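Tertiary structure, described
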Amino acid sequence: MADTPADLAAAKARLGAFAKSAPALMQGFAAISRQATQAGGFSAAQKELVAVAISVAKGCEDCILYHLDAARRHGATESDLIEALEVAVEMGGGPAIMYSGKALEAFRKLA
């Protein structure tokens with residue numbers, strides 16, 4: 001995640017290219033994503049931070065960037081992110097610590 005804004009743009013471009021190749025699948029996935037991230041008992045920012053934590057635990061760099069960007073746009077703070085990353089480390093162990101560092105660095109670069 002050396003050039004975070006460029007990495008985010010590249011991830012979105014790859015997602016867009018796949019969406020053009022599999023439009024029906026991606027329309028269904030987009031509907032799931034809209035429902036899953038809609039504010040309810042959790043705010044949209046909190047839901048995106050949950051997605052960041054899962055992305056960290058799973059080790060998906062593109063997912064981390066995508067959901068960090070959304071969390072930031074929905075008003076998540078760095079302090080909020082740290083709390084979510086702490087849960088990711090609890091659930092993901094050592095590899096999650098490494099991806100947590102990457103997520104924090106990317107969050108700061110997206111400012």
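Residues numbered from 1 in each chain as written. Predicted model: local features only at pLDDT ≥ 70, side-chain atom pairs only at ≥ 80, totals over all residues. Heavy atoms only, no water.

An unreviewed UniProt entry lists the protein under the name Carboxymuconolactone decarboxylase family protein, with Paracoccus aerius given as the organism.

Here's the deal with the side chain of T4
As a reminder of what qualifies: Here a strand is any run of E in DSSP of at least two residues, a helix any run of H or I of at least four, and the numbering for each starts at the N terminus. In this analysis, two residues are considered to be in contact whenever any of their non-hydrogen atoms come within 4.5 Å of each other.
Take T4: it is sitting in helix α1 (residues 4–21). In contact with T4, not counting residues within four places along its chain, are L65, A106, K109 and L110.

Brief notes about helix α5 (residues 78–109)
Cut-off, in case you're wondering: In a helix, the anticipated span is given by 1.5 Å times the number of residues less one. Bend, at a single residue, is the angle you get between axes fitted to the 7 residues ending at that residue and the 7 residues starting at it. Per-residue accessibility, obtained with a 1.4 Å probe over protein chains only, is compared with the maximum for each type, and a residue is labelled buried under 20%, exposed over 50%, and partly exposed between these values.
End to end, α5 covers just 12 Å across 32 residues, shorter than the expected 46 Å (1.5 Å per residue, more than 12% under). The axis of α5 is deflected most strongly, by about 140 degrees, at G93, and proline P95 appears within four residues downstream. Those residues of α5 lying buried are L81, A84, L85, A88, A96, S100, A103, L104, A106 and F107. Looking at the buried residues of α5, the elements they touch are α1, α3 (44–58) and α4 (61–73).

Digging into the layout of surface pockets
Selection rule: Whether a set of points on the 1 Å grid over the protein atoms alone is a cavity depends on a 1.4 Å probe fitting there but being unable to get out, while an open set qualifies as a pocket with protein on both sides within 12 Å along at least five of seven lines; lining residues are those with an atom within 4 Å of a point. Grid points are joined across faces, edges and corners, and a volume is the space filled by probe spheres set on the points. Classification used: nonpolar for Ala, Val, Leu, Ile, Met, Phe, Trp, Tyr, Cys and Pro, charged for Asp, Glu, Lys and Arg, polar for all others including Gly.
One number sums up the size of the largest pocket: a volume of about 570 Å³. Around the largest pocket sit 23 residues that line it, and F29, S33, C63, Y66 and H67 are the ones nearest its centre. Sorting the residues of the lining of the largest pocket by element identifies α1, α2 (23–37), α3 and α4 as the ones contributing at least two each. Of the residues forming the lining of the largest pocket, the biggest block, seven residues, is contributed by α2. Here the second largest pocket is characterised by a volume of approximately 170 Å³. What lines the second largest pocket is F42, Q46, L49, V50, D80, E83, A84 and V87. With four residues, α5 is the single largest residue contributor to the lining of the second largest pocket. Broken down by class, the residue content of the lining of the second largest pocket amounts to five nonpolar, one polar and two charged.

Considering the packing of α1 against α2
For clarity, the threshold we go by: For every element, the axis is a line fit to its C-alpha atoms; helices are fit only across the contacting stretch, and the angle between N-to-C directions ranges from 0 to 180 degrees. Comment on the angle field: the value is read as roughly parallel under 35 degrees, roughly antiparallel over 145, roughly perpendicular from 65 to 115, and oblique elsewhere.
At a closest axis distance of 5 Å, the pairing of α1 and α2 adopts a crossing angle of 120 degrees. It follows that α1 is oblique to α2 by the angle criterion. Taken together, the residues of α2 that come into contact with α1 (itself represented by L15, F18, A19, K20 and S21) are P23, L25 and M26. When grouped by side-chain class, the residues that make up the contact of α1 with α2 number six nonpolar, one polar and one charged.

Considering the pattern of salt bridges
Using the following cut-off: By convention in these notes, a salt bridge is any Lys or Arg side-chain nitrogen within 4 Å of a carboxyl oxygen on Asp or Glu.
Scanning all chains against the criterion turns up six salt bridges. Here D62 ties to R14 by a salt bridge, and the two come within 2.6 Å at their closest N and O atoms. Note that D62 is positioned in helix α4 and R14 in helix α1, a separation of 48 residues in sequence. Here D62 falls in the partly exposed class, since its relative accessible area comes to 31%.

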